[in-house]
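# Chains, contacts and geometry: an overview
Each chain, letter by letter, is given below.
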Amino acid sequence: MEVRVRFAPSPTGYLHVGGARTALYNWLLARRHGGSFILRIEDTDISRSTEEAIQAIMEDLRWLGLDWDEGPEVGGKHFPYRQTGRYALYRDAAMRLLREGKAYPCFCEPEELAERRREALRQGRSPMYDRRCLALPEREKEARMRQGIPYALRFLVPEGEVTFTDLVRGEISFRNRDIEDFVLLRSDGSATYNLAVVVDDLEMEITHVVRGDDHLSNTPKQILLYRALGAEPPAFAHLPMIVARDGRPLSKRHGDVSVGSFREKGYLPEAMVNFLALLGWSLDDSTTIMDRTTLVENFSLERVSSKPAVWDEDKLLWMNSQYIMALDDRELAGRIFPFLVREGLVEESDAAARELLVKAAPLIRERIKLLADAVHLVRFLFQEVEIEEDARQVLEEEAAEPVLREAGKALLELKEFKAPQIEGTLRAMADRLGLKPRQAFQPLRVAITGRKVSPPLFESMELVGRERCLQRIARALEAL
RNA sequence: GGCGCAUUAGUCUAGUUGGCCUAGGACGCCGCCCUCUCAAGGCGGAGAUCGCGGGUUCGAAUCCCGCAUGCGCUACCA
């Protein structure tokens, strides 16, 4: 049987890392088994769903390389792939349940239900629906319906218990008497989450429901619904939550955890994917860096952990640096370039700048953990330098003036303005002045790059070029 | 209150059927080396009585029971 999985975000905000991991695991499972990965937008909550959020979620999924086989923009035979277009399906299912006596109308008002719930809690009782509308005489129900009194449709939870095998956690069971008669259709006719998911997963022939842990207690309700509809439930796998260091579920409270924000900070999608994959899953006892192919070839739900994982950005950062170091010059430059454009350092169309960046790539590769880190490291290549505040002190040191003076002369006489030659002549100069390398080179670094920290000096000078180097040295000298 | 799930170092985790675990790997941290700055790299180090308490066993992180803590659900949200 073909493996069919889905990622079903509700577009009430941006895709956050927890959602991204859920999507990734689903995608991985589909790719591992040559199945289908379906994207379905759960926008039954119209008031909170937005079109922008849908677009943003799709953009983030694409950025991560999680392509869907069916869903918005790609279509599929189970169209449409957003719940707002599937009302008829939910209604049909609900009405069928009503006809078969597996659901019943409830005329209770939301406010009064809320009040009863509060009261129950106050008295230490379980705040479950008391089925008072189920007890209504048939004639009374019909009368009220005829009068047009709005009603919600509740599922009549049967007796017994629900036991299922979660692919991550093993056997889990719930007693039905702990499950209340949940609402299927709201009084405005719209479907609630539990009804919609079941109807959709059924209609879309989903074989594995892989989702967050927070849905674990919804599962028995859904299984009951599958059975009531005369269908076999799919397999379930509940992923542990991603929490912050304080042990609470990761959320906005802990800073921006949207996938988009990581992209903007300069994380690589391949690093995100690798890191996300390892948040709750492992290949073995030692493999940490894995490319997409390795992930696809080895992913299995059996190796998914059931304990919540703490989001550790330090490790993500390290992983990102690993992926950055693995990029070749041109690729790395290509990824950094947009960040320079964003900073206004270069024009999008500046081909020469692109080439210069390619040459600078080997100098910065091991010095950045985020693509955005490159900006301040290469700024001096694209802009005249402005000496940074904390770098001025370097020029105030005693050795600064003679170094700049002598270096200027030495560089002027150099036949070939290449890193090895530059290094040779500058080291000789340092010897002549009786200075340690550091004493001799720091003032030059500040003059050329404007900062105390920069890519390797000689290579940087080569890229800046003789003329500009001499100008910068002269300027620094004037400023003394 | 009820129901459910989880519990190996600061963190991610390995540990699938009890012995190869005096608990392995990685991030982070500390030290040394390398060094023109910063990194990267190399070498080394600290850090876990495997939540707690019982039990089963020749032997338990691994099996059983109890407890504690945390989290989730308990909506006409998803």
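Here's a quick rundown of the structure.

The rules we used
Residues numbered from 1 in each chain as written. Chains lettered and ligands numbered in written order. Predicted model: local features only at pLDDT ≥ 70, side-chain atom pairs only at ≥ 80, totals over all residues. Heavy atoms only, no water. 1 Å grid on protein atoms, 1.4 Å probe; cavity = no way out; pocket = protein on both sides within 12 Å on 5 of 7 lines; lining within 4 Å. Points joined across faces, edges and corners; volume = space filled by probe spheres on them. Helix = DSSP H or I, 4+ residues; strand = E, 2+ residues; numbered from the N terminus. Nonpolar A, V, L, I, M, F, W, Y, C, P; charged D, E, K, R; others polar. Near = heavy atom within 4 Å. Polar contact = N/O pair within 3.5 Å; in protein donor to acceptor, adjacent residues only side chain to side chain. Disulfide = S-S within 2.5 Å. Buried < 20%, exposed > 50% of the residue type's maximum accessible area, 1.4 Å probe, protein only. Axes fitted to C-alpha atoms, helices over the stretch in contact; angles between N-to-C directions. Parallel < 35°, antiparallel > 145°, perpendicular 65-115°, else oblique. Left-handed = near helix turned anticlockwise from the far one by under 90°. Contact = heavy atoms within 4.5 Å. Salt bridge = Lys/Arg side-chain N within 4 Å of Asp/Glu carboxyl O. Core = buried A, V, L, I, M, F, W, Y, C linked by side-chain atoms within 4.5 Å.

### Some remarks on the layout of surface pockets
- In this structure, the largest pocket encloses a volume near 1100 Å³.
- Every residue lining the largest pocket is counted, 44 residues in all, and those nearest its centre are Ser10, His16, Gly19, Asp214 and His215.
- Among the secondary structure elements, those contributing two or more residues to the lining of the largest pocket are β1 (4–7), α1 (17–32), α6 (193–203) and β8 (208–212).
- Looking at the lining of the largest pocket element by element, the count peaks at six residues for α1.
- Among the residues forming the lining of the largest pocket, the class breakdown is 17 nonpolar, 16 polar and 11 charged.

### Regarding the protein's contact with RNA strand B
- Lining the immediate surroundings of RNA strand B are 71 residues, of which Cys108, Arg169, Arg186, Lys307 and Glu366 lie closest.
- A distance of 2.2 Å separates a phosphate oxygen of RNA strand B from a polar side-chain atom of Lys307.
- For RNA strand B, a sugar or linking oxygen lies 3.2 Å from a polar atom in the side chain of Gln442.
- When residues of the surface near RNA strand B are traced back to their parent elements, those giving at least two are α4 (110–122), β4 (152–155), β6 (170–175), β11 (309–310), α11 (313–325), α18 (437–449) and α19 (457–464).
- Counting residues per element, the surface near RNA strand B draws most heavily on α18, which supplies five residues.

### Let's talk about the state of the cysteines
- Inspection of the entire model under this criterion finds zero disulfides.
- Free of any disulfide, Cys106 has its nearest cysteine sulfur in Cys108, 3.8 Å distant.
- Free of any disulfide, Cys133 has its nearest neighbouring cysteine sulfur in Cys108, separated by 3.6 Å.
- On the accessibility criterion, Cys133 (4% relative accessible area) is buried.

### Concerning the packing of helix α17 (residues 419–433) against α18
- Running from amino to carboxyl end, α17 crosses α18 at an angle of 120°, the nearest separation of the two axes being 9 Å. When the axis of α17 is compared with that of α18, the two are oblique. Here α17 runs over α18; the crossing is right-handed. Within the contact between the two elements, α17 uses Leu426, Arg427, Met429 and Ala430 and α18 uses Pro437, Ala440, Phe441 and Leu444.
- Within the contact of α17 with α18, the residues separate by chemical class into seven nonpolar, no polar and one charged.

### Things to note about the pattern of salt bridges
- Inspection of every chain in the model, using the stated rule, returns 44 salt bridges.
- Residues Arg31 and Asp67 are paired through a salt bridge, measuring 3.6 Å at the closest nitrogen-oxygen approach. Here Arg31 is found in helix α1, whereas its partner Asp67 is found in the loop between α2 (51–63) and α3 (87–99), with 36 residues between them in sequence.
- A relative accessible area of 22% places Arg31 in the partly exposed class.
- For Asp67, a relative accessible area of 40% translates into the label partly exposed.
- In this structure, Arg335 and Glu331 form a salt bridge, with 2.9 Å as the shortest nitrogen-oxygen distance. Taken together, the residues Arg335 and Glu331, both in helix α12 (residues 329–342) and four residues apart, mark about one turn of the helix.

### Some thoughts on the packing of α1 against helix α9 (residues 269–277)
- At their nearest, the axes of α1 and α9 sit 10 Å apart, and the two run at 80° to each other. Considered as vectors, α1 and α9 are oriented roughly perpendicular to each other. Touching Val17, Ala20, Arg21, Leu24 and Tyr25 of α1 are Met272, Val273, Leu276 and Ala277, all from α9.

### Some points on the side chain of Ser258
- Position of Ser258 relative to the elements: it lies in the loop between β10 (242–243) and α8 (259–265).
- Here Ser258 falls in the buried class, since its relative accessible area comes to 12%.
- Polar contacts involving the side chain of Ser258 include one to the side chain of Asp256, which spans 2.9 Å.
- Setting aside residues up to four positions removed in sequence, Ser258 forms contacts with Tyr14, Leu15 and His16.

### Let's talk about the nonpolar core
- Membership of the largest hydrophobic core comes to 116 residues, with the highest contact counts inside it found for Trp311 and Leu426.
- Broken down by element, the residue count for this core peaks at nine residues, all from α1.
- Contacts of Leu426, omitting those with residues within four sequence positions, involve Ala407, Leu411, Phe441, Leu444, Phe458 and Met461.
- Within the second largest apolar cluster, 34 residues are counted, among which are Val162, Ala196, Val209 and Ile223.

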